[in-house]
Amino acid sequence: MTPDSPYIFCYPSPMSTKPTNSLTPLFKPKSIVLVGATADPAKLGFGVARNLLQSDYQGDIYFVNPRGGTLLERPLYPSIFALPEPVELAVLLIPAPYVPDALKACGEKGVRAAIIAAGGFRETGAPGASLEDECLRIAREYEMRLMGPNCIGLLDTHLPLDTTFLPPPAPTPGAVAFISHSGAICAAVVDWARGQGFGLSQLVSLGNQLDVCETDILPAVAADPYTRVITMYLEGVSDGRRFLHVAEQVTRQKPVIALKVGRFASGQEAVSSHTGALAGADSAFEAAFRRAGIIRATTSEHLFDWAKALAWCPLPAGPNVAVLSNAGGPGVTAVDAIEANGLQLATLQAETEEKLQGVLPPAASVKNPVDMLAGASPEQYASSLQILLADAQVDSVLVILPPPPMYSAGGVAKAIIPIIYSAKKPVIIALMGERLIQEAMEHFRSAHIPEYRFPERAASALATLTNRANYLHSEPPKEVEVTDVQPAIVQRLLTQATPGEWLSPVLLDQILAAYQIPTPRLHLAHTAEEAITLALEVGYPVVMKLAADEVTHKSDVGGVVLGLASDTAVSDAFDQITNQFQQRFPDVALDGVFVQKMIPAGQQVVVGVVQDAQFGPMLMFGSGGVEVEGLDDVAFALAPLTHADVEHLLSKTWAGRKLDGFRNLPPADKTAVTDVLIRLGQLATDFPQLAEIEINPLLVMTQGEGVWAVDVRARVTA
């Protein structure tokens, strides 16, 4: 330890029982010590002390500052060793260079968890990173869990506990937990949530995640009985596959909504295939969230719009929405938004329409969307809503409430709140306006009924509820097993590969054959005469391809000639390919020209795999051929694939939907495509050293006639 450190604790105390790896001391500590407490109200150490006391935390609270004195009528102990009792949780708000000393003292005192709130660590460069390494070493030695550094800590509104230095007032107790990689976002969310009328159950700021990370926190927060929805602000994940495994379990218990930032960051480097060019880091997160059942928010507004609905509403039984409005324009706007979000307008029963006619004026429209007209009273809103909720064809209701000309919006709110309370179906409010709706807004928020300013946001929230219901009714994802493959053969073949280089076509053909992915056999010709002989053996028509590993996109340099049906055509093609190659690449050795059987025309799709740094093998499927990047008709899924992944790849792309037949195209062999997707995903999973694999095109024959991987490339990691 540094001799001049003011946080050296000069007299030791017997160490208590060594801590375990449990996060309980973080979330439910029996006692807390704040190291770095100060009576100076301008410093963060005062803010944490104030919040600890004002949170009404029921455990013991101790303050440490080497100068001693008092703070908020409590003693400032000169060291951790001076504390009268052992403590479970330490909050360290001291300069970064002193943190290792403080952690060692915490370990000697028996502290089981520590929150390092100070900055000045890895985010500042190499010296800060070295400090972090030392902190982690000490924590491992004493079996302590660490949160941070460079974080604002955590708070629990129900325990209650507040270890942050956020300005008061504290957030309102509620049902939404927030986990964040950004401390500044936490401060904004607390203030915004208070203004929006919904409370937080827990808030966790992770900072640099030296030890405790988002994956550790997820199950701990999900176990909180007061938390109904988990929201996350993510800049990345520490271990993609572990995060995926944990999230799959958590989302079956409670909904998780994540805002993943950095969506448009540059994709993977050192990729040359179409798959690599199209697979940015965000594609992997999209695929991972879908597999794990995480609801992905694309904006901060969506994050909490959806959380509010999930926390306060029952889930719908289906996608059928009834719209209740006092104006036609907003009703039509709502219908567009409903359909844009994948929902549909409910077809009302005749009995429902008759009942609506009985409570509404003759000019009102009792068809869905129901337009009660501008003069609709609070009683008509309430009666109509009750009638719609009773319709078996209605799964949810979107109520549109612009300021009524003859009544107050607040009066309408008070009339319909009891109806919504007693309903077993979700009701979302589009409360349109600003100054004239304030009373209604307060009523809805006090009653925990979601209200949004415009129908588009309301429809988006309804779609989230419906998607959540669908997810809970779906079977948990199960990866498809492939047993009739020969990984031992591939293992042996890959010993012949050069790291960082593309595999030779002949070697690649053998690898694909070991996983039963069909390819037309390659025959290498060194002269035009050999090419003719091979073409006669294969049988006309044939294809000829440039045999040069250095050239990846052979068709771009005239290295592929199709449909050769005679000896003369083969000879001319050989001369054409070799001459063009020598002109364009005079310093590159030519291996020869491949001769292949010409496969009959079929639908062209692309299938590829790249290894994502976080989540491992990621499979791409879409429209193939030379325009794959221009068409941008691709979808991604993590490998090994589940049946749901396969369905996603096929249903979300035109290439997949077209396999069912289109106009003059007969139905293609979708079963064979599915088989290749699964097998290629398994190959990439079994051999992560395969950095990229791409089949473009995979020719898909008519139904029952199979597929052919006619152009394949793969590269091993450097």
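None of the values given here were measured: they were computed from a predicted structure.

Participant: Before we go on, may I ask you to explain the environment of Phe 581 in this structure?
Facilitator: By the secondary structure assignment, Phe 581 is in helix H20 (residues 567–584). Between the alpha carbons of Phe 581 and Glu 501 there is a distance of 20 Å; along the sequence they are 80 residues apart. In this structure, Phe 581 is in contact with Leu 546, Ala 548, Val 551, Pro 586, Val 588, Ala 589 and Leu 590, ignoring residues within four places of it in sequence.

Participant: Hey, could you run me through the pairing of strand E4 (residues 74–77) in this one?
Facilitator: Looking down a regular strand, the side chains alternate between one sheet face and the other. Here two bridges tie strand E2 (residues 60–64) to E4, and the two strands are oriented parallel to one another. Across the sheet, the residue bridging to Val 64 is Tyr 77, located in E4. Strand direction decides the pairing type here: strand E3 (residues 70–71) and E4, joined by two bridges, are antiparallel. Of the residues in E4, the one forming a bridge with Leu 71 is Arg 74. Turn length for the E3-E4 hairpin, with the two strands adjacent in sequence and antiparallel, is two residues, and the turn residue Leu 72 shows positive phi of about 50 degrees.

Participant: Teacher, can you tell me more about the packing of aromatic side chains here?
Facilitator: In total, this model carries 11 aromatic pairs according to the counting rule given. The interplanar angle of 70 degrees and the centroid separation of 6.0 Å between the aromatic rings of Tyr 62 and Tyr 77 together place this pair among those described as edge-to-face. With a gap of 15 residues between them, Tyr 62 in strand E2 and Tyr 77 in strand E4 connect regions that are remote in the sequence. Both residues of the pair, Tyr 62 and Tyr 77, count as buried. Grouping aromatic residues by their ring pairs yields a cluster made of Phe 178, Trp 192, Phe 198 and Phe 304.

Participant: What should I look at first to understand the packing of helix H12 (residues 350–359) against helix H13 (residues 378–390) in this one?
Facilitator: Two measures define how a pair of helices packs: the angle their axes make with one another and the distance between the axes. For the pair H12 and H13, interaxial distance at closest approach is 10 Å and the crossing angle is 170 degrees. Relative to H13, H12 is oriented roughly antiparallel. From H12, Thr 352, Lys 355, Leu 356 and Val 359 reach across to H13, where they touch Gln 380, Ser 383, Ser 384, Ile 387 and Leu 388. Along the lines of polarity and charge, the residues of the contact of H12 with H13 split into four nonpolar, four polar and one charged.

Participant: Could you clarify how one ought to interpret the layout of surface pockets in this entry?
Facilitator: The gaps left among the atoms become clear once a water-sized probe is rolled over them. Its volume calculated, the largest pocket comes out at about 1,300 Å³. Glu 286, Phe 289, Arg 290, Ile 294 and Asn 467 are, among the 37 residues lining the largest pocket, the residues nearest its centre. When residues of the lining of the largest pocket are traced back to their parent elements, those giving at least two are helix H9 (281–292), strand E14 (295–297), helix H16 (455–473), strand E27 (634–638) and helix H22 (643–651). Looking at the lining of the largest pocket, its residues break down into 13 nonpolar, 12 polar and 12 charged.

Participant: Looking at this structure, how should I read the sheet that holds strand E7 (residues 145–147)?
Facilitator: Strands belonging to one sheet form pairs held by backbone hydrogen bonds; the direction of such a pair is parallel or antiparallel. Read across the sheet, seven strands follow the order E3-E4-E2-E1-E5-E6-E7 without closing on themselves; strand pairing throughout is mixed. One side of each edge strand has no neighbouring strand; the edge strands of this open sheet are E3 and E7. Note: strand E1 (residues 31–35) against E2, five bridges, orientation parallel. Residue pairing across strands places Ser 31 opposite Asp 60, the latter belonging to E2.

Participant: Sorry if this is basic, but what is going on with H12 here?
Facilitator: Residue pairs spaced three or four apart in an α-helix point in one direction, given the helix's 3.6 residues per turn. Along H12, the residues classified as buried are Thr 352, Glu 353 and Leu 356. The buried residues of H12 occupy an angular sector of 95 degrees when the element is viewed end-on, so they sit on one face. In this structure, H12 carries Ala 350, Glu 354, Gln 357 and Gly 358 as exposed residues pointing more than 90 degrees from its buried face.

Participant: What is the right way to look at a nonpolar patch on the surface in this model?
Facilitator: A cluster of nonpolar side chains, namely Trp 654, Phe 662 and Leu 665, defines an oily patch on the protein surface of about 240 Å² accessible area. Residue placement: Trp 654 occurs in helix H23 (residues 654–657). According to the relative accessible area criterion, Trp 654 is partly exposed, its value standing at 33%.

Cut-offs applied
- Residues numbered from 1 in each chain as written.
- Predicted model: local features only at pLDDT ≥ 70, side-chain atom pairs only at ≥ 80, totals over all residues.
- Heavy atoms only, no water.
- Helix = DSSP H or I, 4+ residues; strand = E, 2+ residues; numbered from the N terminus.
- Contact = heavy atoms within 4.5 Å.
- Pairing = 2+ DSSP bridges.
- Phe/Tyr/Trp six-rings, centres within 6.5 Å; stacked < 30°, edge-to-face > 60°.
- Buried < 20%, exposed > 50% of the residue type's maximum accessible area, 1.4 Å probe, protein only.
- Axes fitted to C-alpha atoms, helices over the stretch in contact; angles between N-to-C directions.
- Parallel < 35°, antiparallel > 145°, perpendicular 65-115°, else oblique.
- Nonpolar A, V, L, I, M, F, W, Y, C, P; charged D, E, K, R; others polar.
- 1 Å grid on protein atoms, 1.4 Å probe; cavity = no way out; pocket = protein on both sides within 12 Å on 5 of 7 lines; lining within 4 Å.
- Points joined across faces, edges and corners; volume = space filled by probe spheres on them.
- Arc of directions from axis to C-beta.
- Patch = residues over 30% accessible without salt bridge, like charges linked within 9 Å, V, L, I, M, F, W, Y side chains within 5 Å.
- Areas by Shrake-Rupley, 256 points an atom, 1.4 Å probe, with all protein chains shown as cover.
- Salt bridge = Lys/Arg side-chain N within 4 Å of Asp/Glu carboxyl O.

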